[in-house]
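Structural features, examined
Okay, here's what each chain looks like letter by letter:
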Amino acid sequence: ITKGLVRRTAVDGVVFVTWANNHYKDFARFWTMRLKSLGLTNFMVGAMDDELYRYMTEMGVATWHMGSKGIEKDAVKKDFGWGSQNFHKMGRDKIRLIRDFTKVEGISVLISDIDVAWLRDPTPFFKRYPSADILVSTDLLRSEIALDPPLQTPHLVDGEGLEFHVCHAASNIGIMWFRPTRGSQQLTEEWVRRIEADDKLWDQNAFNDLKALAGACAYRPDGTGLTDTAFGGRVTMGTLPVSQFSNGHTFYAQRLHTQVGLEPYAVHNTFQFGGTPGKRHRAREANAWLGDEEINYFDGDPELPEKGMFMSYTPRIPSAEAEIVRKNKELVSFQIKQIKTAAAIAQKLGRTLVLPPILCGLDRVWFPHYGRFPGSAFALPFVCPVDHVINMDLADASKFREWTFYSHPEFPAEMRESVATVEV
């Protein structure tokens, strides 16, 4: 990467940056198309292999040969697998990348994971905080922008603001805003030093350690959402609002943005199940996924004789008073039986099944819980992401479509007008 390329790509001193390998080619396409749909041009994609570099170049996207310092050439093209050794090596490549971008004078950088869907241009939000060295997303599962209204309300703009305290939950480094300040540079230098000195240290944990250095979390909030105590008093930091820079739970399960009445800027596909297929399906459920025209997604199941033939149905759901609603296993099984029946009918008719919304009586978590993910607050039962009940890692996604399929932003108009309704 060169400073010249960064400067040529930046607009008004801002550049959006992500990175990927060819295994995530469709995510790179989706990420860039989302930003293009917002009228943005100031984004870059670091290519970890030659194939993705060529593809991004063909798309006209600013890119460079990023490679990897620790991952072998053949392995760098494949799925890293969350938590694997190569996943952590990729994380180290990311932190070195962040460090290098903070050294480009006059350019603020938004670092984004490849599985973030950008729904609005966040630049105006970031520029409300010119004193912040770093703004970062969070794994917080509730909104705290109005935790102390008398203190916080004067600092809100159109109801938007930062979370109350930077240490009320772990920071998530999937979305990070850096200004090119001495504080940002010092923190990222130390961040790189620590993860290179200990190959078992997770990059995100290392950041949270640095954030809290020298008792930094003991500060008394002033309502702005910022603290100048981070990194031992060398960095001014704030936590992005989780209702608008959402994680996978607050967006897909809680729908927190609708609860607080604020339009989201982005959703990071965390807190999900089913690996890469699960992330992809969730983005489609949210009508956020773009690039499906390129892969003939609207042709349906490639094994069917006719293209573009789909079938959906109106599911039966027990009444709210029925005991089954309080029994999650029976509730979900009740709906799965309908899906299996509908799948058989669709196959007989030569059509691809469009799944219905699925009602869950309990949240899904990867450890024992009391019905909801600890720290979250939302009503049960709820319309849950499909990966709560279907193993997307094992499912053949070519055989069905998401329940929001007919409102897909790229759905062909001629298909929208060709509908037949059957009552049985």
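Conventions we followed
- Residues numbered from 1 in each chain as written.
- Predicted model: local features only at pLDDT ≥ 70, side-chain atom pairs only at ≥ 80, totals over all residues.
- Heavy atoms only, no water.
- Disulfide = S-S within 2.5 Å.
- Helix = DSSP H or I, 4+ residues; strand = E, 2+ residues; numbered from the N terminus.
- Buried < 20%, exposed > 50% of the residue type's maximum accessible area, 1.4 Å probe, protein only.
- Domains from an automatic or database assignment.
- Contact = heavy atoms within 4.5 Å.
- Buried area = accessible area lost by both parts, 1.4 Å probe.
- Salt bridge = Lys/Arg side-chain N within 4 Å of Asp/Glu carboxyl O.
- Polar contact = N/O pair within 3.5 Å; in protein donor to acceptor, adjacent residues only side chain to side chain.
- Nonpolar A, V, L, I, M, F, W, Y, C, P; charged D, E, K, R; others polar.

Within an unreviewed UniProt entry, the label attached to the chain reads Nucleotide-diphospho-sugar transferase domain-containing protein, and the organism entered is Micromonas commoda.

Things to note about the state of the cysteines
Applying the stated criterion across every chain yields a total of 2 disulfides. Residue C167 pairs covalently with C217 via a disulfide, S to S 2.0 Å. Between C167 and C217, the S-S dihedral sits near -70°, and the bridge is therefore left-handed. Residue C167 is found in the loop between helix 6 (149-152) and strand 7 (171-178), and its partner C217 is found in the loop between helix 8 (203-211) and strand 8 (226-229); the two are separated by 50 residues along the sequence. Since its relative accessible area comes to 29%, C217 is described here as partly exposed. At a sulfur-sulfur separation of 2.1 Å, the disulfide partner of C360 is C384. With the S-S dihedral at roughly 45°, the linkage between C360 and C384 falls on the right-handed side.

Side note on the domain arrangement of the chain
One can read the domain layout of the chain as domain 1 (3-266) and domain 2 (300-417). Relative to domain 2, the C-alpha centre of domain 1 lies at a distance of 32 Å. Across the boundary between the two partners, domain 1 contributes 9 residues, which contact 11 residues of domain 2. Each partner contributes to the roughly 740 Å² buried at the junction of domain 1 and domain 2, and carbon and sulfur atoms together form 58% of this total. Summed over the shared surface of domain 1 and domain 2, the number is 0 salt bridges. Scanning the region where domain 1 abuts domain 2 turns up 2 residue pairs in polar contact (both at pLDDT 80 or more). Broken down by element, the side of domain 1 that touches domain 2 gets its largest block of residues, 3 residues, from helix 10 (residues 248-253). Among the residues forming the side of domain 1 that touches domain 2, the class breakdown is 4 nonpolar, 3 polar and 2 charged.

Observations regarding the side chain of D26
As for its position among the elements, D26 is in helix 2 (residues 25-37). For D26, the residues in contact, after removing those within four places along its chain, are R280 and W289.

Topic: unusual backbone geometry
Each neighbour pair has its own omega, and for L380 with P381 the value is -5°, a cis peptide bond. Assignment of secondary structure puts P381 in the loop between strand 14 (358-360) and strand 15 (382-384). With a phi angle near 55°, D12 is a residue other than glycine that sits in the positive phi range. The topology assignment puts D12 in the loop between helix 1 (3-9) and strand 1 (14-20). The class for D12 is exposed, based on a relative accessible area of 67%. We note that F271 has phi near 50°; this positive angle belongs to a residue other than glycine.

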